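# Notes for the structure review
Letter by letter, the chains look like this.
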Amino acid sequence: MAERERLQWAIIVHGGAKSIHPSEEEASRLGCARAVRAGQAVLESGGAATSAVEAAIRVLEDDETFNAGFGSVVNHHGDVECDAALMDGATLDVGAVAAVQGVRHPISLAAELLTEQTVLLAGAGAVRFALERGVELVHPADLVAPGKRESHIGSDTVGCVALDAAGHIAAGTSTGGLAGKLPGRVGDSPLPGCGLYAEDAIGGVSVSGTGEEITRVALASHAMAALATGSPAEAAEAALDRLRLVGGDGGLIIIDAGGRIGWAHSSRDFAVAYADDTTSVRAMTRQVLGRDTIHKTDPDTYPEDLPRD
Ligand SMILES: NC(=O)C[C@H](N)C(=O)O
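An unreviewed UniProt entry lists the protein chain under the name Asparaginase, with Cryobacterium tepidiphilum given as the organism.

Glancing now at the overall build of the protein chain. Each helix and strand in the protein chain was counted, giving 7 helices and 13 strands. Evaluated residue by residue, the protein chain yields a buried proportion of 57% over its 309 residues. Across the protein chain, contacts joining residues at least 24 apart in sequence account for 68% of those joining residues at least 6 apart. Total accessible area computed for the protein chain in this model is approximately 11900 Å², and 51% of it derives from carbon and sulfur atoms.

Those residues carrying the UniProt feature "active site" (unreviewed entry) are Thr157 in this numbering. Structurally, Thr157 is set in the loop between α4 (123–133) and β5 (158–163). Since its relative accessible area comes to 6%, Thr157 is described here as buried. Setting aside anything within four residues of it in sequence, one finds Thr157 in contact with His14, Gly15, Gly16, Asn67, Ser174, Thr175, Ser189, Val207 and Ser208.

What follows covers empty space enclosed by the protein. Counting across every chain of the model gives 3 cavities of 30 Å³ or more. Computed from the structure, the largest cavity encloses a volume of approximately 70 Å³. Taken together, the residues of the lining of the largest cavity break down into 1 nonpolar, 10 polar and 3 charged.

Turning our eyes to something else, we now look at the state of the cysteines. Where two cysteines share a covalent bond between their sulfur atoms, that bond is called a disulfide. Per the counting criterion, the structure on display carries 0 disulfides. The structure places no disulfide on Cys82, whose sulfur is separated from the nearest cysteine sulfur, that of Cys32, by 17 Å. Exposure remark for Cys82: the relative accessible area of 0% places this residue in the buried category. Cysteine Cys194 remains unbridged, with the sulfur of Cys82 as its closest cysteine sulfur at 19 Å.

Another aspect to go through is the pattern of salt bridges. The final tally for this structure, using the stated rule, is 11 salt bridges. In this structure, the salt-bridge partner of Asp241 is Arg244, at a minimum N-O distance of 2.7 Å. With Asp241 and Arg244 both in helix α7 (residues 232–244), this residue pair falls 3 residues apart, about one helical turn. By relative accessible area, Arg244 is classed as partly exposed at 22%. A salt bridge links Arg260 to Asp256, with the nearest nitrogen and oxygen atoms 2.7 Å apart. Owing to a relative accessible area of 7%, Asp256 belongs among the buried residues under this scheme.

Glancing now at the packing of aromatic side chains. Overall, the coordinates contain 1 aromatic pair when judged by the stated rule. Taking the centre distance of 5.2 Å and the plane angle of 45° together, the rings of Trp263 and Tyr274 count as tilted. With Trp263 in strand β10 (residues 261–265) and Tyr274 in strand β11 (residues 269–276), the pair connects residues that are 11 residues apart, well separated along the chain. By relative accessible area, which is 7% here, Trp263 ends up buried.

Regular strands show a simple pattern: their side chains alternate between the two faces of the sheet. Taken across its 7 residues, strand β9 (residues 250–256) has 7 buried, putting it largely inside the fold. One ladder, built from 7 bridges, connects strand β8 (residues 203–209) with β9; its direction is antiparallel. Bridge pairing in β9 places Ser206 opposite Ile253. Bridge count between β9 and β10: 5 bridges; the pairing is antiparallel. Looking across to β10, one finds that Leu252 is bridged to Ala264.

As a further point, take the confidence of the model for the protein chain. For the protein chain, per-residue confidence averages 90 on the pLDDT scale, and 89% of positions sit at 70 or higher. Confidence drops under pLDDT 50 across residues 290–296; counting only partners more than four residues distant or on other chains, this segment forms 14 contacts. The complex prediction reports pTM at 0.93, with the ipTM value standing at 0.96.

Mapped onto the fold, Asp276 is located in strand β11. Under the relative-accessibility criterion, Asp276 is labelled buried at 9%. In terms of polar contacts, Asp276 uses its side chain to reach the side chain of Thr278, at 2.7 Å. One polar contact links the side chain of Asp276 to the main-chain amide nitrogen of Thr279, over a distance of 2.9 Å.

Cut-offs applied
Residues numbered from 1 in each chain as written. Predicted model: local features only at pLDDT ≥ 70, side-chain atom pairs only at ≥ 80, totals over all residues. Heavy atoms only, no water. Helix = DSSP H or I, 4+ residues; strand = E, 2+ residues; numbered from the N terminus. Buried < 20%, exposed > 50% of the residue type's maximum accessible area, 1.4 Å probe, protein only. Contact = heavy atoms within 4.5 Å. Areas by Shrake-Rupley, 256 points an atom, 1.4 Å probe, with all protein chains shown as cover. UniProt positions renumbered as here; feature names shortened; annotations may be inferred. 1 Å grid on protein atoms, 1.4 Å probe; cavity = no way out; pocket = protein on both sides within 12 Å on 5 of 7 lines; lining within 4 Å. Points joined across faces, edges and corners; volume = space filled by probe spheres on them. Nonpolar A, V, L, I, M, F, W, Y, C, P; charged D, E, K, R; others polar. Disulfide = S-S within 2.5 Å. Salt bridge = Lys/Arg side-chain N within 4 Å of Asp/Glu carboxyl O. Phe/Tyr/Trp six-rings, centres within 6.5 Å; stacked < 30°, edge-to-face > 60°. Pairing = 2+ DSSP bridges. pLDDT = per-residue confidence, 0-100. Polar contact = N/O pair within 3.5 Å; in protein donor to acceptor, adjacent residues only side chain to side chain.

Below is the structure:
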């Protein structure tokens, strides 16, 4: 197939690798579509990929459908502790935060760190940094959405990858982690090479799934390596093969340097939405790519007047 000319911009988000209850499918698709629309607005006005990723993830963090920011699952002690990261493929800068409490938008705290020498801040130090930088803080209990306190199900981290008009790629993640996790536990999401990676010359990837297994196989780095020889969907598939070695479940979204979008998941479902300068917002909760996926759903196309809450 002839190589496509590079697109002006492209963006994909995910709402987590998990089983999505039928009653949550529409909310998952709509939530992801809204997030894409927020990132798209940044990209269409010539904004940076890092800003688009932050804007998209902030929408997902505000949506209790997803396990990030408000609506995060609770840990073993009933508290929300969040991990998030943002990586700039132009500079290979990373900003990451782990096990933070009471930060309304962990992705914005990660963005604040992006230009600092420090890559990853955890716990109380990260919250102090948020205070110094004027990043919005809330009472930690205010991040617990009704219904999530009792819930020990669900593992629906959010993520985003974007390519901007200048050819720069960024990737981001945000999560409440795994329900019932030990306090202080940190998953793959804030770790470059595990939960995310971005490098302009290659592409960008954002991951969801069982964090310990994803970390053990450095999943994002495998997807990046596989992009050298395959399409984004093939690279996501190759990474999932790697994950099967340790028995984990997951999903990956990818954009390559040419703006091609792809994703795959071994979890039953994976809410995804995407758009580029030639395609309006499309969203779905599962698709056939992985040999372990069981359903096919044609993507819903969302018009300009995307429904609002
Ligand atoms: N839902 C998720 O993707 C969870 C995240 N990967 C973690 O283990 O913290």
